[in-house]
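An overview of the molecular structure
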Amino acid sequence: MHIEKHFFDTKNLLKEIPAEEISCWLLNQGYFPERYVLPPSFQVSEFNLQEDLYNKDISDLKRREIQTISYPKSFLNERKFGTIHPWNYHDVVYYLHNNWGKIIEHLFHKEQKIYSYSFPIPVTKSKKGRIGNLRAGRMIYEWLQMAERDLIIDGGKFQYIVRTDIANFYSSIYTHSIAWALHGRNEALNDKKFSFFGNKIDRLIQYSNDARTNGISVGSALSDLISEIILAAIDLEVSRKIKEKNPFAAVRFKDDYRILCNSEKDGNEILQILSEELSHYNLVLNENKTSIYKLPDGLYRIHDREYFPHSLKNESEIDFKVFEHTLLIVLDIHRRNPGTSIIEKFLAELFNKDKNLKIRFSDNHSRRFQEIKKMIELLFFTKRESQKILCHVLSICDWLYIEYYKMFPQLKSYLKEKIEYEIQIASENGSTFEVIWYIFFSRFIKLGIRDFKSLIGNKKIRENNFYCSMLLSKQQIFKDSGIKLFTRPKEFTGKKLASLVSVFD
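Residues numbered from 1 in each chain as written. Predicted model: local features only at pLDDT ≥ 70, side-chain atom pairs only at ≥ 80, totals over all residues. Heavy atoms only, no water.

A look at the overall build of the protein
When you go through the protein residue by residue, the secondary structure sums to 21 helices and nine strands. Once the C-alpha set of the protein is aligned to its principal axes, its extents read approximately 70 × 55 × 45 Å. Per-residue burial for the protein yields a buried fraction of 58% across its 505 residues. Sequence separation of at least 24 residues holds for 77% of the intrachain contacts in the protein that already meet a minimum separation of 6. Placing the 75 positive and 65 negative side-chain charges of the protein at their respective mean positions leaves the two points 4 Å apart. (Helix = DSSP H or I, 4+ residues; strand = E, 2+ residues; numbered from the N terminus. Buried < 20%, exposed > 50% of the residue type's maximum accessible area, 1.4 Å probe, protein only. Contact = heavy atoms within 4.5 Å. Lys, Arg positive; Asp, Glu negative; His and termini not counted. Charge placed at Lys NZ, Arg CZ, Asp CG, Glu CD.)

Put into structure tokens, the structure is as follows:
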């Protein structure tokens, strides 16, 4: 099967990469959340694997707090990302590095029949023996497409597909289950002296979050790797139990399962087995996102099917009116299918391979400026629908500013007024995520906004160390670590934001 081949191809490619390179990548490229979450100022410099641990006594760890960044998802809920102290992060990587062979065999067990497409470290055949370039956001899109393609090819032998995911996955992870997954539940529980490396990792994750045992931070590649360790153990047990009953084929992308089978009865039995195994790890399926479809329904994402006739991917140039009309269609699709990546996909298609905007504005001088302003306003309207596209929006604004500032000097004052307004609204909404992006953008293109404090009245934002770092243009997160985690915006002078964040790759 194609899904099985992909799984074990990934294993073989991974085995050719030295463990030292994996560790280096996790410490540097993998430390912060994916690039749309934090401005480019938050980047790691020379975070190296040490010969010894930062935390010498695993039984006597200091309680540390996760540094968080968030934006509201709804009136009562927010999307929160977390970054743990570099010393705890390093020591987890240290234990993984020293047991990397065991980790690979655990993640890619020969008896596995649920094939993961979400290994968080990018490995590709084009860079054999080396780590690839993709990181999180774009990797998610590419690998999810790959999983769908391979399922379709293998789907001819089956009649139905089960689609489900785990409810509140990252916040529900019980840190003790890391060791359970690696060593077995009873063995891990009996290890009172923390001699197993899984129990050491458990302790380090706990004490990076004020000794809490429920939940791990969302964002780092390390968190994704830990989640894969836990789910690989669950998948293996499910594979063994389902194999005894009926034929099936399954893929998982993070906490999202798609399982091919031959009847609704088989589908329900598989769901029961999966639910039972998850319960052993204090995890539950999301009933609201659980469905069984008769093939080919359920193989394709509805929002992709709806967007396909309107895609601008193959256009070398896009008339402004076409952009405007297509954006409105995309917003309709997004509202019918919330939580998808359809807006990001559309925005990525506005750029060519050279990272130049494909929009063709009016030849009339006055009308062209009006269209540029209209485009910016439409992009900010779109951002209200999905705050995570903010870096895409600002990257386009940056491109427009670079391209048209000399032609329209008034563009600077227009953007300055726009960003000041957006900062105030973001502050009122409690979106630290937006505020720090706006401060970065203002300094990155030198808009001349001086008094950010007067625009931000939200106390929670003012106390956030990501915000303080950006406001002071000086590292305020984990200052005691000795690891450089911040670069001033002005040090990126001469670069395009689209290139720094790689959102259009």
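Side note on unusual backbone geometry
With the exception of glycine, the majority of residues adopt a negative phi angle, and the majority of peptide bonds are in the trans configuration. Residue P296 is bonded to the preceding L295 through a cis peptide linkage, with omega at 10°. A positive phi angle, close to 45°, is found at N168, a residue other than glycine. By the element assignment, N168 lies in the loop between β4 (160–165) and α6 (169–172). Phi at D210 is positive, roughly 55°, even though this residue is not glycine. The exposure class assigned to D210 is partly exposed, which follows from its relative accessible area of 21%.

Examining the side chain of T326
Position of T326 relative to the elements: it lies in helix α13 (residues 320–336). When its relative accessible area of 4% is taken as the criterion, T326 is described as buried. Sequence-distant contacts of T326, defined by excluding residues within four places in its chain, comprise Y307, H310, L312 and F346.

Looking at the packing of helix α10 (residues 221–243) against helix α11 (residues 264–279)
Where α10 contacts α11, the two axes come as close as 9 Å, and the packing angle between them is 140°. On the basis of their axis angle, the class for α10 and α11 is oblique. As α10 packs across α11, the resulting crossing turns out to be right-handed. In contact with L231, I234, E237, V238, K241 and I242 of α10, α11 contributes I270, I273, L274, E276, E277 and L278. Split by residue class, the contact of α10 with α11 holds eight nonpolar, no polar and four charged. (Axes fitted to C-alpha atoms, helices over the stretch in contact; angles between N-to-C directions. Parallel < 35°, antiparallel > 145°, perpendicular 65-115°, else oblique. Left-handed = near helix turned anticlockwise from the far one by under 90°. Nonpolar A, V, L, I, M, F, W, Y, C, P; charged D, E, K, R; others polar.)

Side note on the environment of D398
By secondary structure assignment, the location of D398 is in helix α16 (residues 390–404). Look at D398 and you get buried, because its relative accessible area is 2%. Separated by 17 residues in sequence, D398 and L415 place their C-alpha atoms 10.0 Å apart. Sequence-distant contacts of D398, that is, excluding residues within four places in its chain, are made with F441, F444, I445, K496 and L497.

Describing the confidence of the model for the protein
Across the protein, the average pLDDT comes to 91, with 95% of residues at or above 70. For the protein, helix α5 (residues 137–154) is the element with the lowest average pLDDT, namely 65, and helix α3 (residues 86–98) is the one with the highest, namely 98. (pLDDT = per-residue confidence, 0-100.)

Description of the sheet that holds strand β7 (residues 291–294)
The five strands are arranged β3-β5-β6-β4-β7 in an open sheet whose pairing can be described as mixed. The open sheet has two edge strands with one neighbour each: β3 (114–116) and β7. Here the strands of the sheet are splayed against their neighbours by 20° on average, with no regard to which way each runs. Looking at chain direction, strand β5 (residues 249–253) and strand β6 (residues 256–261) are connected through five bridges and run antiparallel. Bridging from a neighbouring strand, F253 pairs with D256 of β6. On top of the sheet, helix α1 (residues 2–15) reaches β3 and β5; it is set at about 50° to β3, its chief contact. (Pairing = 2+ DSSP bridges.)

Section: α16
With 15 residues, α16 ought to run about 21 Å at 1.5 Å a step, and its terminal C-alpha atoms sit 21 Å apart, in line with that. Counting buried positions along α16 yields 13 of 15 residues, so the element is predominantly enclosed. (Expected span 1.5 Å × (residues − 1).)

Points about the pairing of β5
Each regular strand carries side chains that alternate between the two faces of the sheet. The element β5 is largely enclosed, with a buried count of five among its five residues. What you see with β5 is no split at all: A249, V251 and F253 on one side and A250 and R252 on the other are buried throughout. Note: β3 against β5, three bridges, orientation parallel. Note on β5: the bridge partner recorded for I114 is A250. In this structure, the hairpin formed by β5 and β6 is closed by a connection of two residues, where K254 is found at a positive phi of approximately 55°.

What about the packing of aromatic side chains?
Counted under the stated rule, the structure contains 30 aromatic pairs. On the numbers, 6.4 Å between centres and 70° between planes, the contact of F8 with Y115 is edge-to-face. Here the residue F8 occupies a position in helix α1, and Y115 occupies one in strand β3, the gap between them amounting to 107 residues. On the basis of an interplanar angle of 75° and a centroid distance of 4.9 Å, the ring pair of Y31 and Y89 is categorised as edge-to-face. Of the two residues, Y31 sits in the loop between α2 (19–28) and β1 (67–72) while Y89 sits in helix α3, which places them 58 residues apart along the sequence. Y31 sits in the buried class, given a relative accessible area of 0%. Ring pairs connect the aromatic residues F320, F323, F346, F361, F369, W399, Y404 and F408, which therefore count as one cluster. Lying over the aromatic face of W180, R185 brings its terminal NZ or CZ to 4.4 Å of the ring centre. (Phe/Tyr/Trp six-rings, centres within 6.5 Å; stacked < 30°, edge-to-face > 60°. Lys NZ or Arg CZ within 6 Å of the ring centre and 35° of its normal.)

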